[in-house]
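Remarks on the overall topology
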Amino acid sequence: MTTRDHFSNSLTVTPLPLSPGDWELDPLHSAVNFTIRHLGIAKVRGRFTEVKAALSVGETVDDVRVTAEIALASIDTGIAERDAHVRASDLLDVEKRPTMAFRSTRVSGEGEDWTMEGELTIGDVTRPVTLDVEFGGLVDVPVDGSRHAGFEATGEIRRSDFGLDFAPGLLGDVVKIQLDMQFVEPRAA
């Protein structure tokens, strides 16, 4: 069953607070952050600095699509030596796995609370992932009149599901994800 078939079987149609069209990512006000346990006792926090994302909005929630691509080499944990080691062939191996990509398959919810299901691909491994999404609202920016929509999405993945089970015991298997994203409304033609 395709995503569209699933949505067309839905009994209710949720109206959207967003205008239809292709919303552009505001990279200056967006972030992809993560945490992972080190030695089981403390969290290491980091982020990815090179992110591309697209939000396509249709007339209903059935027609919403989100895609994202993250350059794994853009990892930044605040310590350059650690980042270089994480990029190396014995860990992330960014030569073999240059990107992490997400594609939504279903969006549901209303008001401020939404859920986005999708597929996450790291290297040649694709797994389902579910994100809890909080809609932060819409605002018109006084400087240029553009309208921005804000979202926070949280979820978690298991490294072992993607064949990234290096350093067991040193690093936790669960990686918690926090996305803070702003998208800019398409301008009328």
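These figures come from a predicted structure and were not determined experimentally. (Residues numbered from 1 in each chain as written. Predicted model: local features only at pLDDT ≥ 70, side-chain atom pairs only at ≥ 80, totals over all residues. Heavy atoms only, no water.)

Moving on, we get to the packing of aromatic side chains. Inspection of the entire model under this criterion finds 3 aromatic pairs. When the ring of Phe-34 is compared with that of Phe-48, the centres are 5.5 Å apart and the planes differ by 40°; the resulting orientation is tilted. On the criterion of sequence distance, the pair formed by Phe-34 in strand 2 (residues 31-38) and Phe-48 in strand 3 (residues 42-48) is long-range, its members being 14 residues apart. Side by side, Phe-34 and Phe-48 carry an identical accessibility label, which is buried. Measuring from centroid to centroid gives 6.2 Å for Phe-151 and Phe-183, while their planes differ by 70°, and the two rings are edge-to-face. Linking Phe-151 in strand 10 (residues 147-158) with Phe-183 in strand 11 (residues 171-184), this pair joins segments that are 32 residues apart in sequence. Of the two residues, Phe-151 and Phe-183, neither departs from the other in class, the shared state being buried. One aromatic cluster is present, formed by Phe-135, Phe-151 and Phe-183 through successive ring pairs. (Phe/Tyr/Trp six-rings, centres within 6.5 Å; stacked < 30°, edge-to-face > 60°. Helix = DSSP H or I, 4+ residues; strand = E, 2+ residues; numbered from the N terminus. Buried < 20%, exposed > 50% of the residue type's maximum accessible area, 1.4 Å probe, protein only.)

A cluster of like positive charges, contributed by Arg-37, Lys-43, Arg-45 and Lys-176, occupies part of the molecular surface. Mapped onto the fold, Arg-37 is located in strand 2. (Patch = residues over 30% accessible without salt bridge, like charges linked within 9 Å, V, L, I, M, F, W, Y side chains within 5 Å. Areas by Shrake-Rupley, 256 points an atom, 1.4 Å probe, with all protein chains shown as cover. Salt bridge = Lys/Arg side-chain N within 4 Å of Asp/Glu carboxyl O. Lys, Arg positive; Asp, Glu negative; His and termini not counted. Charge placed at Lys NZ, Arg CZ, Asp CG, Glu CD.)

Looking now at a nonpolar patch on the surface. A contiguous nonpolar surface patch, about 310 Å² in accessible area, is contributed by Leu-39, Ile-41 and Leu-170. Here Leu-170 lies in the loop between strand 10 and strand 11. Judged by its relative accessible area of 45%, Leu-170 falls in the partly exposed class.

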